[in-house]
Amino acid sequence: MLKKENNKNYIYIALFIFMLVFIILFRTNKTEFKYRSNEDVKEIIIKNINKITDNYSLGIELHKNKEEYKLEYMSDSKIKMYSSDVFPVTGYLIYNNNYYKLNNDKLEKTKLIEINKVFNEKLYNMELIKNITNYCEVKNKSLIRANCSVDLKNFFEEYNKLYNTNISITEDSILDIEYLYDETRIKSIIINYSNVINLIENTNDKVIYDIDITDINKNDFSEYISYIEKIN
């Protein structure tokens, strides 16, 4: 009986590892889309970005000066999973307000998850990105790409509300965003956060988040819940 239970646990962990590796290695590249809609570009972007709720996957490339870092994030609304080469373990998992770490093939409960030493989770929060999209002023557009700018005063208005901060802007500055989209969804978002980071951290770093969005409303990790709950 014990051997059967151990085999079952190994299968769950192997599936979890496989999911992380599969997404990291085989995530689809950014591709061109056919675009046929007569709607206003901003209306299309807002309509499609609002489809992203709490079930989606992100492939994030952080370009900081000359360095590049990658993060994979997946959520099905109940379980959140993170994986990156910069983590000290294979990956992290959040379920029911509890933290877990995957170290090689062993899933363990932990009090700390180290996901923000390189990546700023506040900046790839889709709720924030959706809110600031409403302020976008479209500058350049094609059938599948749109470049827009957001006044930094509007950005920090939303940032302060979401994170209960009080950052004020005295000089005029903008946030540059590029959307890759079609008439049904947002494929990726590239945000130049350099001006934001310079204000928050008082640095002169060049910081760009390239966010690839997949699996909108398609993730389902429910098969792992019974196994995770046994670790509590």
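Located above this text is the structure these notes cover.
Model, not experiment: these values are computed from the prediction.

A. Examining the overall build of the protein chain more closely. A tally of helices and strands in the protein chain yields 6 helices and 11 strands. Taking all 232 residues of the protein chain together, 45% fall into the buried category. At a minimum sequence separation of 6, the contacts of the protein chain that also span at least 24 residues come to 61%. Entry remark: accessible area of the protein chain is about 13000 Å², with carbon and sulfur atoms responsible for 47%.

B. Spatial organisation of the packing of helix α2 (residues 41-49) against helix α3 (residues 126-133). It is the contact of α2 with α3, at a shortest axis distance of 10 Å, that shows an interaxial angle of 155°. Regarding the angle of α2 to α3, the classification is roughly antiparallel. Handedness of the α2/α3 crossing: left-handed. From α2, Lys42, Ile45, Ile46 and Ile49 reach across to α3, where they touch Met126, Ile129, Lys130 and Thr133. Here the residues of the contact of α2 with α3 sort into 5 nonpolar, 1 polar and 2 charged.

C. Local environment of the packing of aromatic side chains. Going through the model one piece at a time under the given rule, you end up with 9 aromatic pairs. Ring centres of tyrosine 193 and tyrosine 209 lie 5.7 Å apart, and the angle between their planes is 80°; on these two criteria the pair is classed as edge-to-face. Taken together, the residues span a long stretch of sequence, with tyrosine 193 in the loop between β10 (186-192) and α5 (194-201) and tyrosine 209 in strand β11 (residues 207-214) at a distance of 16 residues. Tyrosine 209 matches tyrosine 193 in its accessibility class, with the two residues each being buried. The structure contains a cluster of three or more aromatic residues connected by ring pairs, namely Phe155, Phe156, Tyr159, Tyr163, Tyr193 and Tyr209.

D. Broad picture of the sheet that holds strand β6 (residues 106-110). A sheet is described by the order of its strands in space; here 11 strands give the open sequence β6-β5-β4-β3-β2-β1-β11-β10-β9-β8-β7, paired in antiparallel fashion. On the outer flanks of this sheet lie β6 and β7 (137-141), each paired with one strand and no other. Ignoring strand direction, the axes of neighbouring strands in this sheet form an average angle of 20°. In this sheet, β11 lies alongside β10 in antiparallel orientation, the contact comprising 5 bridges. Paired with isoleucine 189 across the two strands is isoleucine 211, which belongs to β11. Docked against the sheet, α2 engages β7, β8 (145-151), β9 (174-181) and β10, running at close to 80° with respect to β9.

About the cut-offs
Residues numbered from 1 in each chain as written. Predicted model: local features only at pLDDT ≥ 70, side-chain atom pairs only at ≥ 80, totals over all residues. Heavy atoms only, no water. Helix = DSSP H or I, 4+ residues; strand = E, 2+ residues; numbered from the N terminus. Buried < 20%, exposed > 50% of the residue type's maximum accessible area, 1.4 Å probe, protein only. Contact = heavy atoms within 4.5 Å. Areas by Shrake-Rupley, 256 points an atom, 1.4 Å probe, with all protein chains shown as cover. Axes fitted to C-alpha atoms, helices over the stretch in contact; angles between N-to-C directions. Parallel < 35°, antiparallel > 145°, perpendicular 65-115°, else oblique. Left-handed = near helix turned anticlockwise from the far one by under 90°. Nonpolar A, V, L, I, M, F, W, Y, C, P; charged D, E, K, R; others polar. Phe/Tyr/Trp six-rings, centres within 6.5 Å; stacked < 30°, edge-to-face > 60°. Pairing = 2+ DSSP bridges.

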